[in-house]
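# An overview of the molecular structure
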Amino acid sequence: MGKIILIIIASINPAEKEAAENYIKQVTAMQEAAGAVALYRFPVSENFIGDMEVDVAAAIEFPSQEAFDSVFESEEYKLLIPFRDKGFSVLNAFISKQ
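Attention here is on the structure that accompanies the text.

Rules used in this analysis
Residues numbered from 1 in each chain as written. Predicted model: local features only at pLDDT ≥ 70, side-chain atom pairs only at ≥ 80, totals over all residues. Heavy atoms only, no water. Pairing = 2+ DSSP bridges. Helix = DSSP H or I, 4+ residues; strand = E, 2+ residues; numbered from the N terminus. Axes fitted to C-alpha atoms, helices over the stretch in contact; angles between N-to-C directions. Phe/Tyr/Trp six-rings, centres within 6.5 Å; stacked < 30°, edge-to-face > 60°. Buried < 20%, exposed > 50% of the residue type's maximum accessible area, 1.4 Å probe, protein only. Left-handed = near helix turned anticlockwise from the far one by under 90°. Contact = heavy atoms within 4.5 Å. Nonpolar A, V, L, I, M, F, W, Y, C, P; charged D, E, K, R; others polar. 1 Å grid on protein atoms, 1.4 Å probe; cavity = no way out; pocket = protein on both sides within 12 Å on 5 of 7 lines; lining within 4 Å. Points joined across faces, edges and corners; volume = space filled by probe spheres on them.

## Details of the sheet that holds strand 3 (residues 56–62)
The strand order across the open sheet built from 4 strands is 2-3-1-4, with neighbouring strands paired in antiparallel fashion. If you trace the sheet from one side to the other, it starts and ends with strand 2 (37–43) and strand 4 (88–97), each paired once. Between one strand axis and the next, the sheet turns through 15 degrees on average, direction left out of account. The sheet contact formed by strand 1 (residues 4–12) and strand 3 spans 7 bridges and is antiparallel. When the bridges of strand 3 are listed, I5 appears paired with E61.

## Thoughts on the packing of aromatic side chains
One pass over the full model with this rule turns up 6 aromatic pairs. Here Y23 and Y77 contribute two aromatic rings whose centre-to-centre distance is 6.1 Å and whose plane-to-plane angle is 70 degrees, an arrangement assigned as edge-to-face. Remark: Y77 occurs in helix 3 (residues 75–87) and Y23 occurs in helix 1 (residues 17–33); sequence separation between them is 54 residues. Here the two residues Y23 and Y77 agree in accessibility, since each one is buried. Relative to F72, the ring of F68 lies with its centre 4.8 Å away and its plane at 40 degrees, an arrangement referred to as tilted. With a gap of 4 residues between them, F68 and F72 both fall in helix 2 (residues 65–72), about one helical turn apart. Chaining the aromatic ring pairs together yields one cluster made of Y23, F62, F68, F72, Y77 and F88.

## Some points on the pairing of strand 1
Bridge analysis of strand 1 against strand 4 gives 9 bridges, and the strand direction is antiparallel. From the neighbouring strand, I9 faces strand 4, where its bridge partner is N92.

## A closer look at the packing of helix 1 against helix 3
For the pair helix 1 and helix 3, interaxial distance at closest approach is 8 Å and the crossing angle is 145 degrees. In the crossing of helix 1 with helix 3, the sense of the turn from one axis to the other is left-handed. On helix 3, the residues that touch A19, A20, N22, Y23, Q26, V27 and M30 of helix 1 are E76, Y77, L80, F83, R84, K86 and G87. Partitioning the contact of helix 1 with helix 3 into residue classes produces 8 nonpolar, 3 polar and 3 charged.

## With respect to the layout of surface pockets
The computed volume of the largest pocket comes to approximately 440 Å³. Lining the largest pocket are 22 residues, with I8, Y23, V27, I60 and L91 sitting closest to its centre. For the lining of the largest pocket, the elements supplying multiple residues, two or more each, are strand 1, helix 1, strand 3, helix 2, helix 3 and strand 4. Taken together, the residues of the lining of the largest pocket break down into 18 nonpolar, 2 polar and 2 charged.

Written out as structure tokens, the structure reads:
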């Protein structure tokens, strides 16, 4: 099976920056342990098309579906979901299978 690209667009909840930072720190470590590589992480300067206002966009490459699943189906990740839900006012994630 091929690579998985995780594409994320998000806005951090200004009232819960600490929760977002905790989530990002821990999920990044989990992704790296699974062999994932951040391809792009950059701030969004302005909304060009559409209604969604976001702060950041990212693309993360996982070597396989198994590596992706080892992060997002893990019990460790499930413990981070409350931080994710509090820390972001907008969070959309998309998968591209290569």
